[in-house]
Amino acid sequence: MKQRVARHFKDMLQCVIPAFEGLFPEEHDNIVRVLLFYMAEWHALAKMRLHSDDTLQLLDQSLRRLGTQLRKFSQFTCGLNLSPK
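So, a few notes on the structure that sits alongside this text.

Definitions and limits used
Residues numbered from 1 in each chain as written. Predicted model: local features only at pLDDT ≥ 70, side-chain atom pairs only at ≥ 80, totals over all residues. Heavy atoms only, no water. Helix = DSSP H or I, 4+ residues; strand = E, 2+ residues; numbered from the N terminus. Buried < 20%, exposed > 50% of the residue type's maximum accessible area, 1.4 Å probe, protein only. Contact = heavy atoms within 4.5 Å. Areas by Shrake-Rupley, 256 points an atom, 1.4 Å probe, with all protein chains shown as cover. Expected span 1.5 Å × (residues − 1).

### Quick look at the overall build of the chain
Part 1: A tally of regular secondary structure across the chain gives three helices and zero strands.
Part 2: Reading the helices (α) and strands (β) of the chain from amino to carboxyl end gives α-α-α.
Part 3: Across the 85 residues in the chain, those meeting the buried criterion constitute 24%.
Part 4: Look at the contacts in the chain between residues 6 or more apart in sequence, and 57% of them connect residues 24 or more apart.
Part 5: As displayed, the chain offers around 6600 Å² of accessible surface, 57% of which is attributable to carbon and sulfur atoms.

Structure follows, in structure tokens:
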């Protein structure tokens, strides 16, 4: 995949969720999987070509959830030392 486009990003997000399961300690694993799901949800909504008031509201809610989860990921998981012992 030399030239990535939106459909590749969506495909990667959908495929990576089960692949990441169990890679992190249990308390961080859920944060990562939920973050990946919210990214896929936001991407699907943002990629829509025609929006109604309802889909714009869903997009706004999705972006808020994504932002909250990104902050949670930043605070709890980014500082995690995952180097092998």
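### Points about helix H2 (residues 26-46)
Part 1: Compared with the 30 Å implied by 1.5 Å per residue over 21 residues, the 30 Å span of H2 between its first and last C-alpha is a close match.
Part 2: Taken together, the buried positions of H2 are occupied by His 28, Asp 29, Ile 31, Val 32, Leu 35, Leu 36, Tyr 38, Ala 40, His 43 and Leu 45.

### Brief notes about the environment of Met 48
Part 1: Among the secondary structure elements, Met 48 is positioned in the loop between H2 and helix H3 (53-76).
Part 2: The class for Met 48 is partly exposed, based on a relative accessible area of 32%.
Part 3: C-alpha of Met 48 to C-alpha of Leu 59: the two residues are 11 residues apart in sequence and 10.0 Å apart in space.

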